[in-house]
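Coordinate inspection notes
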Amino acid sequence: MSSKWPIPRPTENAALRAADRVARMVPPIQVVLADLLAANQLGDRHGVNLCAHRAARVALGEVGE
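Conventions and cut-offs
Residues numbered from 1 in each chain as written. Predicted model: local features only at pLDDT ≥ 70, side-chain atom pairs only at ≥ 80, totals over all residues. Heavy atoms only, no water. pLDDT = per-residue confidence, 0-100. Helix = DSSP H or I, 4+ residues; strand = E, 2+ residues; numbered from the N terminus. Axes fitted to C-alpha atoms, helices over the stretch in contact; angles between N-to-C directions. Parallel < 35°, antiparallel > 145°, perpendicular 65-115°, else oblique. Left-handed = near helix turned anticlockwise from the far one by under 90°. Contact = heavy atoms within 4.5 Å. Expected span 1.5 Å × (residues − 1). Polar contact = N/O pair within 3.5 Å; in protein donor to acceptor, adjacent residues only side chain to side chain.

This part takes up the confidence of the model for the protein chain. Across the protein chain, pLDDT averages 83, with 83% of residues at or above 70. Ranking the elements of the protein chain by mean pLDDT puts helix α1 (residues 12–21) last, at 81, and helix α2 (residues 29–42) first, at 95.

Next up on the list: the packing of α2 against helix α3 (residues 45–60). Across the interface, α2 lies against α3 with an axial gap of 8 Å and an inter-helix angle of 160°. Considering the angle they form, α2 stands roughly antiparallel to α3. Classified by chirality, the crossing of α3 by α2 is left-handed. Contacts between α2 and α3 pair I29, V32, L33, D35, L36, A39 and N40 from the former with G47, V48, C51, A52, R54, A55 and V58 from the latter.

For α2, built from 14 residues, the straight-helix expectation of 20 Å at 1.5 Å per residue is met to within 8% by its first-to-last C-alpha distance of 20 Å. Looking one or two places after α2, you find G43, whose phi comes out positive at around 75°.

A few words on the environment of H53. Tracing the backbone shows H53 in helix α3. Each C-alpha atom, one on H53 and one on V32, is 9.8 Å from the other, the two residues being 21 residues apart in sequence. A polar side-chain atom of H53 sits 2.7 Å from the main-chain carbonyl oxygen of N49.

Written as structure tokens, this is what we have:
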């Protein structure tokens, strides 16, 4: 049995390029806002945070830093 050291792994840039090639479906804003309200009613702060960020992405179309 032969072993390779170190084990070759994809870099972060390669992973980001691969993710860029995959088209992701964008949910309608009504669905995102309904999920935001449901998370808020349940007291799920992490869910509210995720839904709020998703709503911003849907509303703006693209996110820049």
